[in-house]
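Examining the three-dimensional arrangement
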Amino acid sequence: MSAASLNITGLTAGYSQTRILEGIDLSVPAGGKIAILGRNGMGKTTLFATIAGQTRRHAGQIMMDDTDLTALDGAARARAGLGLVPQNRAIFRSLTVEENLATGLKDRPRSAIDEAYALFPRLAERRRNMGGQLSGGEQQMLTTARTILGQPRLLMLDEPLEGLAPVICDALMEAFTQLAASGQMTILLVEQRLKAAFDFADHIVILERGQVAWQGTSDALQSDPATVERLLGVGH
Ligand SMILES: Nc1ncnc2c1ncn2[C@@H]1O[C@H](COP(=O)(O)OP(=O)(O)O)[C@@H](O)[C@H]1O
Ligand SMILES: [Mg+2]
């Protein structure tokens, strides 16, 4: 398994007749680390859902390496190597941690679960606990680990740090950085915590009302506080 590139051109999509995304162009090289930023309601989750095949696409193309994802349904996109960790941390509350992980194995052997425990040792300690007994941070580790067991070549993480304590955020961001460094997956991160996004990403895209309002390197954005304030600041 090796990381896949993503090339989106002219993407317009939404829910039934409502257009949320308008003319999105986005290029991520294989192995890239990209953060998608923007205030609430600007279309970040809709962009991930559209790449995953869960919305209505009106126009545009989504290429993962040489595969045209728009020709595939959601399940086929997952089989082609697309992984989405949704914002709501969907886990099975009445299954154990280990049973939750097993649902992510696809046709891999059970022993592959050890990869998840190596990435998040905390999950190994909690392997026999029910999903519903986990803290928010542990649930995020579980939902992330389950997706990773499916060996995605392109991984989308939707606000993984939301509502979590700083020490857990650090552990998660370290794991994401480690995954990207493995060369096995390209990572798209949506995050409200700017420092975490800046530290993680080499490239940043900012969405505003469903369009790309700015993009450039993490360094360029950090040295441009006026743009940060205009597109991401509070009180607008
Ligand atoms: N299932 C849906 N049906 C209709 N409109 C939706 C749905 N989900 C989100 N929206 C609308 O799409 C817009 C973008 O939402 P979203 O992609 O969730 O933004 P973000 O993730 O940036 O906060 C918002 O105006 C939101 O109300
Ligand atoms: Mg969202």
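Refer to the structure presented above.
The shown structure was predicted, so the numbers you read here are calculated from the model rather than taken from an experiment. (Residues numbered from 1 in each chain as written. Chains lettered and ligands numbered in written order. Predicted model: local features only at pLDDT ≥ 70, side-chain atom pairs only at ≥ 80, totals over all residues. Heavy atoms only, no water.)

**Structural notes on the sheet that holds strand β2 (residues 18-28)**
Taken in spatial order, the four strands make up an open sheet running β2-β1-β4-β5, and their pairing is antiparallel. Edge strands, defined here as strands with exactly one partner in the open sheet, are β2 and β5 (67-68). In terms of strand pairing, strand β1 (residues 6-15) meets strand β4 (residues 56-64) through seven bridges, oriented antiparallel. Across the sheet, residue Thr-12 finds its bridge partner in β4, namely Ala-59. Of the strands in this sheet, β1, β2 and β4 touch helix α1 (residues 44-51), which is tilted by about 110 degrees from β1. (Pairing = 2+ DSSP bridges. Helix = DSSP H or I, 4+ residues; strand = E, 2+ residues; numbered from the N terminus. Contact = heavy atoms within 4.5 Å. Axes fitted to C-alpha atoms, helices over the stretch in contact; angles between N-to-C directions.)

**Structural notes on the sheet that holds strand β8 (residues 186-190)**
Read across the sheet, six strands follow the order β6-β7-β8-β3-β9-β10 without closing on themselves; strand pairing throughout is mixed. The outermost strands of the open sheet, each flanked by one partner alone, are β6 (82-85) and β10 (211-217). In this sheet, neighbouring strand axes are inclined to one another by 15 degrees on average, regardless of whether the strands run parallel or antiparallel. Pairing of strand β3 (residues 33-37) with β8, which is carried by four bridges, proceeds in the parallel orientation. Of the residues in β8, the one forming a bridge with Lys-33 is Ile-187. Strands in contact with helix α7 (residues 166-181) are β3, β7 (154-158) and β8; relative to β8, the strand with the most contacts, it is inclined by about 150 degrees.

**Let's talk about the side chain of Glu-138**
Position of Glu-138 relative to the elements: it lies in helix α6 (residues 136-149). Given a relative accessible area of 5%, Glu-138 falls into the buried group. (Buried < 20%, exposed > 50% of the residue type's maximum accessible area, 1.4 Å probe, protein only.)

**Observations regarding the site of ligand 1**
The local shell around ligand 1 consists of Tyr-15, Ile-20, Arg-39, Asn-40, Gly-41, Met-42, Gly-43, Lys-44, Thr-45 and Thr-46. A distance of 3.0 Å separates an oxygen atom of ligand 1 from a polar atom in the backbone of Gly-43. A distance of 2.7 Å is found between an oxygen atom of ligand 1 and a side-chain nitrogen or oxygen belonging to Lys-44. Alone, ligand 1 offers 560 Å² of accessible surface; in the complex the protein occludes 57% of this. Ranked by residues supplied to the shell around ligand 1, first place goes to α1 with three residues. Tallied by class, the residues present in the shell around ligand 1 amount to three nonpolar, five polar and two charged. (Near = heavy atom within 4 Å. Polar contact = N/O pair within 3.5 Å; in protein donor to acceptor, adjacent residues only side chain to side chain. Areas by Shrake-Rupley, 256 points an atom, 1.4 Å probe, with all protein chains shown as cover. Nonpolar A, V, L, I, M, F, W, Y, C, P; charged D, E, K, R; others polar.)

**Structural notes on the coordination of the magnesium ion (ligand 2)**
Taken together, Thr-45 (OG1) and Gln-87 (OE1) make up the protein donors of the magnesium ion (ligand 2), found 2.0 to 2.6 Å from the metal. Here the residue Thr-45 occupies a position in helix α1, and Gln-87 occupies one in the loop between β6 and α3 (97-102), the gap between them amounting to 42 residues. (Donors = N, O, S within 2.8 Å, 3.2 Å for Na, K, Ca; no water.)

**Details of α6**
Taking 1.5 Å per residue, 14 residues should reach 20 Å; α6 reaches 20 Å between its end C-alpha atoms and fits that length. Burial runs high along α6: 13 of the 14 residues are buried. Downstream of α6 by one or two residues, Gln-151 has phi in the positive range, about 55 degrees. (Expected span 1.5 Å × (residues − 1).)

**Topic: the packing of aromatic side chains**
Describing an aromatic ring pair means giving the distance of the ring centres and the angle of the ring planes. Taken as a whole, this structure holds zero aromatic pairs when the rule is applied. In this arrangement the basic side chain of Lys-33 is found over the ring face of Phe-200, its NZ or CZ atom lying 5.8 Å from the centre. (Phe/Tyr/Trp six-rings, centres within 6.5 Å; stacked < 30°, edge-to-face > 60°. Lys NZ or Arg CZ within 6 Å of the ring centre and 35° of its normal.)

**A short note on the packing of α6 against α7**
At a minimum axis distance of 10 Å, the contact between α6 and α7 shows a crossing angle of 15 degrees. With respect to α7, the axis of α6 lies roughly parallel. Handedness of the α6/α7 crossing: right-handed. Seen from α6, the contacting residues are Gly-137, Gln-140, Met-141, Thr-144 and Ile-148; seen from α7, they are Ile-168, Ala-171, Leu-172, Phe-176 and Leu-179. Split by residue class, the contact of α6 with α7 holds seven nonpolar, three polar and no charged. (Parallel < 35°, antiparallel > 145°, perpendicular 65-115°, else oblique. Left-handed = near helix turned anticlockwise from the far one by under 90°.)

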